[in-house]
Amino acid sequence: MLLLFFIIGFLNPANAQTRSEGPWWPNKQWGAEDQSGASNWITPEKVLKATMLVKTGQIFDLGHIYDRDMPMVGTRSYNLFIPSFPTYPATGKDSMVFNDEYVTAQIGQVGTQFDGPGHPGRQIKMADGSTADVFYNGFTGDEMRGQLGLKQLGVEHVKPIVTRGILIDLAAYKGLGALPENYLITLADVQGALAKQHMKESDIEPGDALLFNLGWWKIWPDKKTTDAPPPHPTMELIDWIVRMKPCMVGSDLAMDGPPDFPLHENLIVKNGIFNLEFMSFETLPAENRKYTFLFIFTPIRLRGATGSPGRPLAIY
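Residues numbered from 1 in each chain as written. Predicted model: local features only at pLDDT ≥ 70, side-chain atom pairs only at ≥ 80, totals over all residues. Heavy atoms only, no water.

All right, on to the overall build of the chain then. When its secondary structure is counted, the chain shows eight helices and 17 strands. Once the C-alpha set of the chain is aligned to its principal axes, its extents read approximately 85 × 50 × 40 Å. Sorting the 316 residues of the chain into buried and exposed places 46% on the buried side. A total of about 16,100 Å² of accessible surface is found on the chain, and carbon and sulfur atoms cover 57% of it. For the chain, the distance from the average site of its 28 positive side-chain charges to the average site of its 34 negative ones is 4 Å. (Helix = DSSP H or I, 4+ residues; strand = E, 2+ residues; numbered from the N terminus. Buried < 20%, exposed > 50% of the residue type's maximum accessible area, 1.4 Å probe, protein only. Areas by Shrake-Rupley, 256 points an atom, 1.4 Å probe, with all protein chains shown as cover. Lys, Arg positive; Asp, Glu negative; His and termini not counted. Charge placed at Lys NZ, Arg CZ, Asp CG, Glu CD.)

Strands sit in the order S1-S17-S15-S9-S11-S13-S14-S6-S16 across an open sheet of nine strands; the sheet is mixed. The open sheet has two edge strands with one neighbour each: strand S1 (59–61) and strand S16 (307–308). By the bridge criterion, five bridges tie strand S9 (residues 161–169) to strand S11 (residues 209–213) in an arrangement that is parallel. When the sheet's bridge partners are listed, Ile166 is paired in S11 with Leu210. (Pairing = 2+ DSSP bridges.)

So, about the environment of Phe278. With respect to the helices, strands and loops of the structure, Phe278 is situated in the loop between strand S14 (274–277) and strand S15 (292–297). Note: C-alpha distance between Phe278 and Trp217 (61 residues apart in sequence) is 7.4 Å.

Attention shifts here to a nonpolar patch on the surface. Residues Leu80, Ile82, Phe85, Val103 and Ile107 make up a contiguous nonpolar surface patch of about 460 Å² in total accessible area. Within the fold, Leu80 resides in strand S2 (residues 78–81). (Patch = residues over 30% accessible without salt bridge, like charges linked within 9 Å, V, L, I, M, F, W, Y side chains within 5 Å. Salt bridge = Lys/Arg side-chain N within 4 Å of Asp/Glu carboxyl O.)

To continue, consider helix H8 (residues 262–271). Along an α-helix, residues three or four apart share an orientation, since each turn contains 3.6 residues. By the burial criterion, the buried members of H8 are Leu263, His264, Asn266, Leu267, Ile268 and Val269. Looking one or two residues beyond H8, the residue adopting positive phi is Gly272, at roughly 65 degrees.

On to the pattern of salt bridges, then. If the charged atoms of two oppositely charged side chains come close together, the side chains can form a pair. For the structure on display, the rule yields 15 salt bridges. Where Arg122 meets Glu265, a salt bridge forms, and the shortest distance between an N and an O atom there is 3.0 Å. In this pair, Arg122 sits in strand S7 (residues 122–125) while Glu265 sits in helix H8, placing the two residues 143 residues apart along the sequence. Here Arg122 falls in the partly exposed class, since its relative accessible area comes to 34%. Taking the shortest distance from any N to any O, the salt bridge between Arg145 and Asp142 comes out at 3.2 Å. One exposure class covers both Arg145 and Asp142, and it is exposed.

A word on the packing of aromatic side chains. One pass over the full model with this rule turns up seven aromatic pairs. With a centroid separation of 5.9 Å and an interplanar angle of 45 degrees, the aromatic rings of Trp220 and Phe278 are classed as tilted. Taken together, the residues span a long stretch of sequence, with Trp220 in the loop between S11 and helix H6 (224–227) and Phe278 in the loop between S14 and S15 at a distance of 58 residues. Each of the two residues, Trp220 as well as Phe278, counts as buried. An aromatic cluster of three or more residues is present, and its members are Phe60, Phe293 and Tyr316. The ring centre of Phe139 lies 4.9 Å from the NZ or CZ of Arg19, which sits over that ring. (Phe/Tyr/Trp six-rings, centres within 6.5 Å; stacked < 30°, edge-to-face > 60°. Lys NZ or Arg CZ within 6 Å of the ring centre and 35° of its normal.)

Core analysis: the largest hydrophobic core is formed by 60 residues, its most contacted members being Phe212, Trp240, Met248 and Phe295. Looking at this core, the elements with two or more residues in it are S9, helix H5 (187–196), S11, helix H7 (235–244), strand S13 (248–251), H8, S14 and S15. By residue number, the principal contributor to this core is H7, which donates five residues. Once residues within four sequence positions are removed from consideration, Met248 is found in contact with Phe114, Ile161, Asp208, Ala209, Leu210, Leu211, Ile273, Phe274, Leu276 and Phe295. (Core = buried A, V, L, I, M, F, W, Y, C linked by side-chain atoms within 4.5 Å. Contact = heavy atoms within 4.5 Å.)

Before going further, it helps to spend a moment on the pairing of S7. Here S7 pairs with strand S8 (residues 131–134) via four bridges, running antiparallel. Among the inter-strand pairings, Ile124 is bridged to a residue of S8, identified as Ala132. Between the end of S7 and the start of S8, which pair antiparallel, lie five residues, with Gly129 showing a positive phi angle near 95 degrees.

Bringing the side chain of Ser308 into the picture now. Along the chain, Ser308 turns up in strand S16. Judged by relative accessible area, Ser308 falls into the buried class, the value being 0%. Apart from the residues lying within four places of it in its own chain, the contact partners of Ser308 are Ile107, Gly108, Thr112, Gln113, Phe114, Val155, Phe297, Pro299 and Ile300.

This part is about the confidence of the model for the chain. Here the chain averages 94 in pLDDT, and 95% of its residues register 70 or above. Across residues 1–14, where pLDDT falls below 50, the model places two contacts with residues more than four positions away in sequence or in other chains. (pLDDT = per-residue confidence, 0-100.)

This part takes up the packing of H5 against H7. Between H5 and H7, whose axes approach to 8 Å, the crossing angle comes to 55 degrees. By the angle class used here, H5 and H7 are oblique. Across the interface between the two elements, Leu187, Val190 and Leu194 of H5 pack against Glu236, Leu237 and Trp240 of H7. Its residues assigned to classes, the contact of H5 with H7 shows five nonpolar, no polar and one charged. (Axes fitted to C-alpha atoms, helices over the stretch in contact; angles between N-to-C directions. Parallel < 35°, antiparallel > 145°, perpendicular 65-115°, else oblique. Nonpolar A, V, L, I, M, F, W, Y, C, P; charged D, E, K, R; others polar.)

Shown next as structure tokens:
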């Protein structure tokens, strides 16, 4: 019997992970040392193809303005101060004055926020019996931990995202202003929304950005957007997203929520597919809406940060 248990344990990959090999690392697509994840899909060819979608030059903001009244998850905070006005007194022959700002915040995790590769991880038991916090591509907490920023998987490793954005309008497909709380978004929902938009799965290409309109941007900055149980995808849909190989997903919520975080785990931790949270689709025209467009989001290169603020843009 003991021999049987030993054989079962040996064959079970959950009991066999080491730093060099585990259930989701090394990354089969990008290699053992990769820290850029699915932003690697953004090649010059991908960028050129995306720019061909621009016909009118119209630019639409897909993010919220950062201010102290925006809702935040848990005890996160954001404060901006002008230390004094003007911050610097008159100087030079023309008596020039200047203002500065002072910002205190979990700057990568408030407002419209981009989750970098060092944000979510999970605890697992290693082959030697120890427990480790493991993140994208097998990087461990011991390798990453640093008071002055992450030593590995900082958001500075994510490449600028200039690609084709695909809007998947789930709220419109369901005929609702917004999806209900705790609604389970199914693969059939996404396929139905694509069909309504005269699109199909085969239209999606590696490196695209999949953007889901849930309708919740309409109540921002209501605290419900961060506190209520959000609509979230089924595991079938999450597996489908992974198969589509996007560089990132985005929505007007977090698309995940406690007590479990399957989207963060399976997209970011296991596959390096990033998640842009709390977007806004308010500026997109309701009439003659386009569902594919040039999409631009460039994470700020904050060395060692877990995520980034930013200004996502759709360009028609």
